[in-house]
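Descriptive analysis of the structure
Chain by chain, the residues run as shown.
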Amino acid sequence: MTPLPEDPPSPIGEDDRDTAVRRLQDAYAEGHLSHGELDERLQQALTARTHDQLAAPLASLPAGKADTTSTIAAAGGRITRRGAWRVPRRLKVESAFGKVRLDLSRAVVEHPVIDIVLQLGTGRARITVPRDAIVDMEDLNTGWKDVRHRVRQPSGPGGPTIRISGTMGFGRLTVCHARR
């Protein structure tokens, strides 16, 4: 009798790798890893091809908090968040048409990186970020109009990174930094 062949190791996808990298970066930001450990573990995560290989650099990390994701959706009308509201780690905003206004200038930002995913049809969107925030919009797809990003002064160290991604149809997105 011949032994059964072992199952081949399952390959990882880009989402798995991105999640692992984010978890390592969060652990470094929280002080669980030194700079050298972060470099070594990022190298392992970025070269991993299987789930077993990807688990090795994450093995001794404290159990991560579940990614907090919130969704704000409206078919039409306005979506507004301002004042002292708690910003989740991942915020998804969906609107078929209407105006979207997110003001993070006085919001409670507990995470070093905030992902805002826009799924907008028509209408305008305006996002006000903290004065020292770094804004990344590389993964945002716009259909009709371009994006306006006004920077009052260069961002200083220590501010959150706001990653804006998703799809906008026929509206315009304006991103500006808070004045104070």
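Use the structure listed above.
Here we look at the sheet that holds strand 2 (residues 78–81)
- Reading across the sheet, the 5 strands line up as 2-5-8-13-11 and stay open at both edges, with parallel pairing between neighbours. If you trace the sheet from one side to the other, it starts and ends with strand 2 and strand 11 (147–150), each paired once. The average angle at which neighbouring strand axes cross in this sheet is 5°, direction not considered.
- In this structure, strand 2 lies alongside strand 5 (residues 99–103), joined through 4 bridges in parallel fashion. Residue pairing for strand 5: Arg81 is matched across the bridge by Leu102.

Concerning a positive patch on the surface
- A grouping of Arg78, Arg82, Lys99, Arg101, Arg106, Arg124, Arg126, Arg148, Arg150 and Arg179 is seen on the molecular surface, where their side chains present a positively charged patch.
- Listing elements by their share of the positive patch, those giving two or more residues are strand 5 and strand 11.
- Its location among the elements puts Arg106 in the loop between strand 5 and strand 6 (108–109).

A closer look at the nonpolar core
- Ranked by internal contacts, the top residues of the largest apolar core, which has 25 residues, are Leu118, Ile127, Ile164 and Leu173.
- Listed by contribution, the elements that provide at least two residues to this core are strand 4 (90–95), strand 5, strand 7 (113–120), strand 8 (125–129), strand 12 (161–168) and strand 13 (173–177).
- Per element, the largest residue contribution to this core is 4 residues, and it comes from strand 7.
- Listed in part, the 13 residues of the second largest apolar core include Ala27, Leu33, Leu38 and Leu61.

Considering the pairing of strand 7
- Of all 8 residues in strand 7, 7 are buried; the element is thus mostly enclosed.
- Relative to strand 7, strand 4 is paired through 6 bridges, and the arrangement is parallel. Counterpart to Arg90 in the pairing with strand 7 is Asp115.
- In this sheet, strand 12 lies alongside strand 7 in parallel orientation, the contact comprising 8 bridges. Within strand 12, the residue paired with Leu118 across the bridge is Gly166.

Section: the packing of helix 1 (residues 14–29) against helix 2 (residues 35–47)
- Helix 2 packs onto helix 1 with a crossing angle of 175° between their chain directions and a minimal axis gap of 10 Å. When the axes of helix 1 and helix 2 are compared, the pair comes out roughly antiparallel. For the pair formed by helix 1 and helix 2, the contact residues are Arg17, Val21, Leu24, Gln25 and Tyr28 on the first element and His35, Leu38, Arg41, Leu42, Ala45, Leu46 and Thr47 on the second.
- Among the residues forming the contact of helix 1 with helix 2, the class breakdown is 7 nonpolar, 3 polar and 2 charged.

A few points about the pattern of salt bridges
- Under the criterion given, the structure shown has 4 salt bridges.
- The closest approach of N and O atoms between Asp115 and Arg89, which form a salt bridge, is 2.8 Å. Taken as a pair, Asp115 in strand 7 and Arg89 in the loop between strand 3 (86–87) and strand 4 lie far apart in primary sequence, 26 residues in all. For the pair shown, Asp115 and Arg89 are each scored as buried.
- The residue Lys92 makes a salt bridge to Glu94 at a minimum N-O spacing of 3.4 Å.
- A relative accessible area of 29% means that Lys92 is categorised as partly exposed.
- Residue class for Glu94 comes out partly exposed when judged on its relative accessible area of 29%.
- Residues participating in the shared-partner salt-bridge network are Arg89, Asp115 and Arg163.

Rules and cut-offs
- Residues numbered from 1 in each chain as written.
- Predicted model: local features only at pLDDT ≥ 70, side-chain atom pairs only at ≥ 80, totals over all residues.
- Heavy atoms only, no water.
- Pairing = 2+ DSSP bridges.
- Helix = DSSP H or I, 4+ residues; strand = E, 2+ residues; numbered from the N terminus.
- Axes fitted to C-alpha atoms, helices over the stretch in contact; angles between N-to-C directions.
- Patch = residues over 30% accessible without salt bridge, like charges linked within 9 Å, V, L, I, M, F, W, Y side chains within 5 Å.
- Areas by Shrake-Rupley, 256 points an atom, 1.4 Å probe, with all protein chains shown as cover.
- Salt bridge = Lys/Arg side-chain N within 4 Å of Asp/Glu carboxyl O.
- Lys, Arg positive; Asp, Glu negative; His and termini not counted.
- Charge placed at Lys NZ, Arg CZ, Asp CG, Glu CD.
- Core = buried A, V, L, I, M, F, W, Y, C linked by side-chain atoms within 4.5 Å.
- Buried < 20%, exposed > 50% of the residue type's maximum accessible area, 1.4 Å probe, protein only.
- Parallel < 35°, antiparallel > 145°, perpendicular 65-115°, else oblique.
- Contact = heavy atoms within 4.5 Å.
- Nonpolar A, V, L, I, M, F, W, Y, C, P; charged D, E, K, R; others polar.

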